[in-house]
Amino acid sequence: MDYDVIIVGGGPAGLSASVYARRANLRTAVIEKLTFGGIITTTDLIENYLGFPAISGADFGKAIQEHAMKYEPDMIQAEVKRVSQIEGGFSVETDSGTYTSKTVIVASGAAPRKLNVPGEAELFGRGVSTCATCDGPFFAKKDVAVVGGGDSALSEGIYLSRLVNKIYLIHRRDQLRAEPILQQRFTGLPNVEFVWNSVVTRIEGEKRVTGVLVKNVKTGEERKIDVSAVFVYVGEVPQTDFVDVKKDDHGYIITDENMQSSVPGIFAAGDCRHSLSKQAIISAGEGALAAIAAQMLLEKRLIPQQNA
């Protein structure tokens, strides 16, 4: 076997797992298809991770990556295509090669959910975005739409409010779902207009976004709102298609209390796992526990459970 543990994903869960695995002297690889540090690196401000009262997502991602690299795991930039069982462990097939390992920790996170409306795919990167900190500066002093009512929509909306002329917050319900402190901050902004009980049915524009068509879910009334950009925050889709383990109806991996999946030797941690809440600090803790459980399994101190 190439490794004792392969960790799929380089966000807070995966990097935390790598620290614990390497400190246990396990041969460890972290495979990440995008950015080491994870999607949290695109967040404007993190205020709820213990020890960091206020830190940008980019700085946080850099800090956890540097911490993980101190223990010298193999850091592999690749996309995992398939995890398969083989004699004595697992085969991890990527777009740049295949690796073998005695155990696998899936910490692949989740990707932003799409609206799946006309114009979204065609105009993605030309006004349609899922990252305010990446693309917000391109729309300084312009009108934009933010779609969603959760933590991501409001925290990214707060960032955008410092740049743009006006934000139309489009939400399918008549009240927000974000944590209270974010609601207080966002609702107090002077350049926000709420579009309640509404969904986007079309994003308009040819070479760039020029507006959105929205429909009131209660009255059926439609209206067009002229905007230069649409920032979409309507949930996430777990990135778990590459592994065949028990999952819930949404694709999140189901584990036991030791982060072990329905397949002994495959563990899951972070935003790809079925859990009550998706938070970086929770992901980091789950990653640590998954690595400890993998170590105990390798040392035959953990009894595999087939019914997670």
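Look above for the structure.
The following paragraphs examine the structure supplied in this document. Being a predicted model, the structure only gives us computed values, none of them experimental.

**Section: the environment of Arg113**
Within the secondary structure, Arg113 is located in the loop between strand E7 (110–112) and strand E8 (128–129). On a C-alpha basis, the gap between Arg113 and Val263 in space is 27 Å, while along the polypeptide they are 150 residues apart. Excluding anything up to four places from it in sequence, Arg113 contacts Val232, Val234, Gly235, Glu236 and Val237. Only 2.9 Å separates the side chain of Arg113 from the backbone oxygen of Glu236, close enough to count as a polar contact.

**Regarding the pairing of strand E4 (residues 80–86)**
Where E4 and strand E5 (residues 89–94) come together, six bridges link them in antiparallel fashion. Bridging from a neighbouring strand, Ile86 pairs with Gly89 of E5. The hairpin formed by E4 and E5 contains two residues between the paired strands, and Gly88 there has a positive phi angle of roughly 85 degrees.

**Here's the deal with the nonpolar core**
Ile7, Phe60, Ile105 and Phe267 are the most contacted members of the largest nonpolar core, which has 30 residues in total. Only strand E1 (3–8), helix H1 (12–23), helix H2 (57–69) and helix H6 (280–298) provide two or more residues apiece to this core. The greatest single-element share of this core, amounting to seven residues, is contributed by H6. Among the nonpolar cores identified, the runner-up in size contains 22 residues, and Val8, Ala78, Val106 and Cys272 belong to it.

**Comments concerning helix H4 (residues 151–161)**
Because each turn of an α-helix spans 3.6 residues, side chains separated by three or four positions end up pointing in the same direction. Within H4, eight of the eleven residues are buried, which leaves the element mostly enclosed by the surrounding structure. Those residues of H4 that sit buried are Ala153, Leu154, Glu156, Gly157, Ile158, Tyr159, Leu160 and Ser161. Buried residues along H4 sit in contact with helix H3 (132–135), strand E9 (143–147), strand E10 (166–170), helix H5 (180–187) and strand E15 (229–232).

**Things to note about the environment of Ser91**
Tracing the backbone through its elements, the reader meets Ser91 in strand E5. On a C-alpha basis, the gap between Ser91 and Val195 in space is 49 Å, while along the polypeptide they are 104 residues apart. Excluding its chain neighbours within four sequence positions, the residues that come into contact with Ser91 are Arg82, Val83, Ser84, Ile86, Thr98 and Tyr99.

**Side note on the packing of aromatic side chains**
This structure, assessed with the given rule, holds six aromatic pairs. Their ring planes at 85 degrees and their centres at 6.2 Å tell us that Phe139 and Phe231 sit as a pair that is edge-to-face. One end of the pair, Phe139, is in the loop between H3 and E9; the other, Phe231, is in strand E15, and 92 residues separate them in sequence. Like Phe231, Phe139 is buried. The interplanar angle of 0 degrees and the centroid separation of 4.8 Å between the aromatic rings of Phe194 and Trp196 together place this pair among those described as stacked. Members of the aromatic cluster, each reached through a chain of ring pairs, are Tyr49, Phe52 and Phe60.

**Focus: the environment of Tyr168**
Within the fold, Tyr168 resides in strand E10. Along the chain, Tyr168 and Ala140 lie 28 residues apart, while their C-alpha atoms are 15 Å from each other. Aside from chain neighbours lying at most four places away, what touches Tyr168 is Asp143, Val144, Ala145, Val146, Glu193, Val195, Ile225, Asp226 and Val227.

**Re the state of the cysteines**
Tallied over the full model, the rule gives one disulfide. Note on cysteine connectivity: Cys131 is disulfide-linked to Cys134, with sulfurs 2.1 Å apart. Here Cys131 and Cys134 share a disulfide; its torsion about the S-S bond, 70 degrees, makes the bridge right-handed.

Definitions and cut-offs
Residues numbered from 1 in each chain as written. Predicted model: local features only at pLDDT ≥ 70, side-chain atom pairs only at ≥ 80, totals over all residues. Heavy atoms only, no water. Helix = DSSP H or I, 4+ residues; strand = E, 2+ residues; numbered from the N terminus. Contact = heavy atoms within 4.5 Å. Polar contact = N/O pair within 3.5 Å; in protein donor to acceptor, adjacent residues only side chain to side chain. Pairing = 2+ DSSP bridges. Core = buried A, V, L, I, M, F, W, Y, C linked by side-chain atoms within 4.5 Å. Buried < 20%, exposed > 50% of the residue type's maximum accessible area, 1.4 Å probe, protein only. Phe/Tyr/Trp six-rings, centres within 6.5 Å; stacked < 30°, edge-to-face > 60°. Disulfide = S-S within 2.5 Å.

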